[in-house]
Amino acid sequence: MVNITIDKNTLLVPEGMTILDAAKSCHVSIPNLCYMEELNEIGACRVCAVEIEGRERLVTACNNVVEEGMKIHTNSPKVRESRRTNVELILSQHDSNCATCVRSGNCALQDIANDLGIIGIPYEKTLPHARWTEGFPLVRNYEKCIKCMRCIQVCDKVQDLQVWDIANTGSRTNVDVSHNLRIEESDCALCGQCITHCPTGALRERDDTDIVFDALADPDKILVVQIAPAVRAAWGESLGLDREFATVKRLATALRRIGFDYIFDTNFTADLTIMEEGSEFIERLGNAENHTFPMFTSCCPGWIRFIKTQYPDMLDQLSTAKSPQQMFGAVAKSYYAQVLDVDPSKIFSVSIMPCTAKKFEAGVPVMNSAGAGQDVDVVLTTREVERLIRAESIDVAYLPEEELDTPLGSGSGAAVIFGATGGVMEAALRSAYFLVTGENPDPDAFKDVRGRAGWKEATFNLAGTDLRVAVASGLGNTRKLVEAIRRGEAHYDFVEIMACPGGCAGGGGQPIWDGKELADDRSDILYGLDRISDIRFSHENPSITKCYEEYFEKPLSHKSHELLHTDHSTWELNPTLWDK
């Protein structure tokens, strides 16, 4: 332990602690832009610089450790002048048109500039210019990049894809796609983690809200919208709503006020996914000599992009089941069109997802199995829905709860935990147990696959057979797991992969909170909803039973294969449908 003083606060702190952490321990806030704990502690922005008595030069608080007897000043005149100058220099190379930026009001640079009282830039404005691939689901604005390196670090150290790197030298230094590639030529999984860890608006998702507004204004279109499981745990955050108040039923009310005709739940097709994927897994187990194990889940398009670029020889180990989003699109334009007795081409299908890769998935040309254009017409992230609600001037604090529409608006507790890492595996095992034994297990019998650990494994007994399962979230963890399988060091029957750390709850389309990782908190909400659900097994969802009776007949039927399954080898990673 060492004795230090921070702004007249005398402290006893552990040796080796950074100045930044020591300041936090006594509730002294030191502003910073580039810092990410354990990932980006490089002091690139110099905004966290502090003064230490006896030293001529200021030091960065994020990567310098405390020493015995240090007297630290976090806001001395010398510090304030340096901090202000550094921020002004950053702003001189930053597009400061905040009113037209998606991060306005949620931007670390904007906050610090406001706190410092900066109302003018005394330096010449010089902005970098570069062309970006129009229509790509991930959008980069070079003029807003502050060269903090966060995107590089999260892509390298968490996702292990190395999509971003430093380009050029000296005053022309910038961040760009690695190896001088265009973004569509890279191995980008479209996970969106670079977006959620960017402190400014340099990275964002492609905004598709105008397409939705145009569709809402078209009297010939029937607008149906699906709400993904993880969205209900986060949609109210940026709108200032408590999680207890921001229920999916209040979101349904908001969407009806915006003008959507039918509000449905992706939980419905999450249950459908379990019926198809669970049945497929059991079929593979029964015909093991003709299959390579493990079977991998297939509902995460970021993971699909990853395996196609990194391990294309393992594609046949993916479940052929479509994701819940794509199953919903196909069902909406086939079964539900039949229920409504309308031409499927009149249905405009919108999905609200916690994910940026879902925009890619909806545009894959083969995702048109219902025969009425793309099965899902538009994907909106949770952030875009917030913008949609704000654009309609809806006072969310006074929204009543309204039920979702039937029959595609009902789902089980097993479906809602799809939004948490391990949730798909747990839901699948609940129903697989029933499909094999004819009896329901304890709903919490498979809870060992829960938790935030990036790589989890467990063994469960299924009718006398030991099933070895694993769950990974985050592509860096995924690579470690897959490499262990390829080396013969790990052996599993069934593996769930989610591209984003923590699963969809921490997805790249979720609300951004600088310096906070909220996947765990959001997942807790989803598990709570599962606990209080009247139906906790996908196979007990009466709407699913009815759907099979009236349309699909049974899991893995011919019609199911036509509409609910896909051949991932036919997926184009760079479809021409982005300009939709």
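We now turn to the structure provided with this report.

Moving on, we come to the layout of surface pockets. If you add up the space inside the largest pocket, you get close to 1,300 Å³. Listing elements by their share of the lining of the largest pocket, those giving two or more residues are helix H1 (19-25), helix H2 (77-92), helix H3 (108-115), helix H4 (150-158), helix H5 (193-196) and helix H17 (519-531). Residues of the lining of the largest pocket, tallied by class, amount to 19 nonpolar, 13 polar and 14 charged. Roughly 840 Å³ of internal volume is contained in the second largest pocket. Lining the second largest pocket are 27 residues, with Arg232, Val248, Lys249, Asp265 and Leu529 sitting closest to its centre. Going through the elements one at a time, helix H7 (248-258), helix H14 (413-416) and H17 are the ones with two or more residues in the lining of the second largest pocket.

Once that is clear, we can look at the sheet that holds strand E10 (residues 222-227). The strand order E11-E10-E13-E14 describes an open sheet built from 4 strands, whose pairing is parallel. The outermost strands of the open sheet, each flanked by one partner alone, are strand E11 (262-265) and strand E14 (378-381). In this sheet, adjacent strand axes meet at a mean angle of 25° when their direction is disregarded. Note that E10 and strand E13 (residues 347-353) share 6 bridges and pair parallel. Across the sheet, the residue bridging to isoleucine 222 is isoleucine 347, located in E13. Along the sheet, helix H6 (residues 209-216) makes contact with E10, E13 and E14, crossing E14 at roughly 125°.

Okay, H17 next. If you check H17, its first and last C-alpha atoms are 18 Å apart, about what 13 residues at 1.5 Å a residue would give, namely 18 Å. Turning to H17, its buried residues number three or more, namely Ala519, Arg522, Ser523, Leu526, Tyr527, Gly528 and Asp530. Looking at the packing, one finds that the buried side of H17 touches H14 and helix H15 (423-437).

This brings us to the nonpolar core. Residues Leu138, Trp164, Phe260, Trp303 and Ile389 are the most contacted members of the largest nonpolar core, which totals 114 residues. It is H7 that contributes the most residues to this core, 6 residues altogether. Grouped together as the second largest cluster of nonpolar side chains are 24 residues, Phe264, Val331, Cys547 and Phe552 included.

This next bit is on the packing of helix H9 (residues 301-310) against helix H16 (residues 475-486). Where H9 contacts H16, the two axes come as close as 12 Å, and the packing angle between them is 50°. Of the possible angle classes, the one that applies to H9 and H16 is oblique. Pair H9 / H16 crosses with right-handed handedness. Residues Trp303, Phe306 and Gln310 of H9 form the contact with H16, whose own contacting residues are Leu475, Thr478, Arg479 and Val482.

What follows deals with the pattern of salt bridges. All chains considered together, the criterion is met by 34 salt bridges. We note a salt bridge from aspartate 160 to arginine 479, for which the minimum N-O separation is 2.7 Å. Taken together, the positions of aspartate 160 in the loop between H4 and strand E7 (164-167) and arginine 479 in helix H16 put the pair 319 residues apart, joining distant regions of the chain. The exposure class assigned to aspartate 160 is partly exposed, which follows from its relative accessible area of 23%. When its relative accessible area of 17% is taken as the criterion, arginine 479 is described as buried. For glutamate 426, the salt bridge identified is with arginine 450, shortest N-O distance 2.8 Å.

The next subject is the state of the cysteines. Per the stated rule, a full pass over the model turns up 0 disulfides. Of all cysteine sulfurs in the structure, the one in cysteine 198 sits closest to cysteine 148, which takes part in no disulfide; the separation is 5.9 Å. The cysteine cysteine 151 is free of any disulfide, with cysteine 145 supplying the nearest cysteine sulfur at 6.3 Å. Of the residues examined, cysteine 151 reaches a relative accessible area of 8% and is grouped as buried.

What follows deals with empty space enclosed by the protein. One way to see where empty space is left: roll a probe the size of a water molecule over the atoms. In this structure the tally under the stated criterion is 5 cavities of 30 Å³ or more. As a volume, the largest cavity reaches approximately 280 Å³. In this structure, the largest cavity is lined by 26 residues; those nearest its centre are Cys299, Pro354, Lys358, Met498 and Cys504. Taken together, the elements giving at least two residues each to the lining of the largest cavity come down to H9, helix H10 (324-332) and helix H12 (357-363). For the lining of the largest cavity, the per-class residue count stands at 19 nonpolar, 6 polar and 1 charged.

Taken together, the side chains of Leu89, Ile121 and Tyr123 make up a nonpolar region of the molecular surface, amounting to roughly 230 Å² of accessible area. Secondary-structure assignment places leucine 89 in helix H2. When its relative accessible area of 39% is taken as the criterion, leucine 89 is described as partly exposed.

Structurally, the position occupied by glutamate 426 is in helix H15. Expressed as a C-alpha distance, the spacing of glutamate 426 and alanine 445, which sit 19 residues apart in the sequence, is 8.7 Å. The residues contacting glutamate 426, other than those within four sequence positions of it, are Ile417, Pro443, Asp444, Phe446, Lys447, Val449, Arg450 and Tyr527. In this structure the side chain of glutamate 426 is engaged in a polar contact, spanning 3.0 Å, whose partner is the side chain of arginine 430.

The pairing of E10 with E11 spans 4 bridges and is parallel. If you follow glutamine 226 over to E11, its bridge partner there is phenylalanine 264.

Across the sheet, 4 strands lie side by side as E12-E17-E16-E15; this open sheet has mixed pairing. The strands lining the two open edges of the sheet, one partner per strand, are strand E12 (295-296) and strand E15 (455-462). Pairing geometry for E15 and strand E16 (residues 465-473), over 8 bridges, is antiparallel. What sits directly across from leucine 462, in E16, is threonine 465. Relative to strand E17 (residues 494-498), H15 is tilted by about 150°, and along the sheet it contacts E15, E16 and E17.

Definitions and cut-offs
Residues numbered from 1 in each chain as written. Predicted model: local features only at pLDDT ≥ 70, side-chain atom pairs only at ≥ 80, totals over all residues. Heavy atoms only, no water. 1 Å grid on protein atoms, 1.4 Å probe; cavity = no way out; pocket = protein on both sides within 12 Å on 5 of 7 lines; lining within 4 Å. Points joined across faces, edges and corners; volume = space filled by probe spheres on them. Helix = DSSP H or I, 4+ residues; strand = E, 2+ residues; numbered from the N terminus. Nonpolar A, V, L, I, M, F, W, Y, C, P; charged D, E, K, R; others polar. Pairing = 2+ DSSP bridges. Axes fitted to C-alpha atoms, helices over the stretch in contact; angles between N-to-C directions. Contact = heavy atoms within 4.5 Å. Expected span 1.5 Å × (residues − 1). Buried < 20%, exposed > 50% of the residue type's maximum accessible area, 1.4 Å probe, protein only. Core = buried A, V, L, I, M, F, W, Y, C linked by side-chain atoms within 4.5 Å. Parallel < 35°, antiparallel > 145°, perpendicular 65-115°, else oblique. Left-handed = near helix turned anticlockwise from the far one by under 90°. Salt bridge = Lys/Arg side-chain N within 4 Å of Asp/Glu carboxyl O. Disulfide = S-S within 2.5 Å. Patch = residues over 30% accessible without salt bridge, like charges linked within 9 Å, V, L, I, M, F, W, Y side chains within 5 Å. Areas by Shrake-Rupley, 256 points an atom, 1.4 Å probe, with all protein chains shown as cover. Polar contact = N/O pair within 3.5 Å; in protein donor to acceptor, adjacent residues only side chain to side chain.

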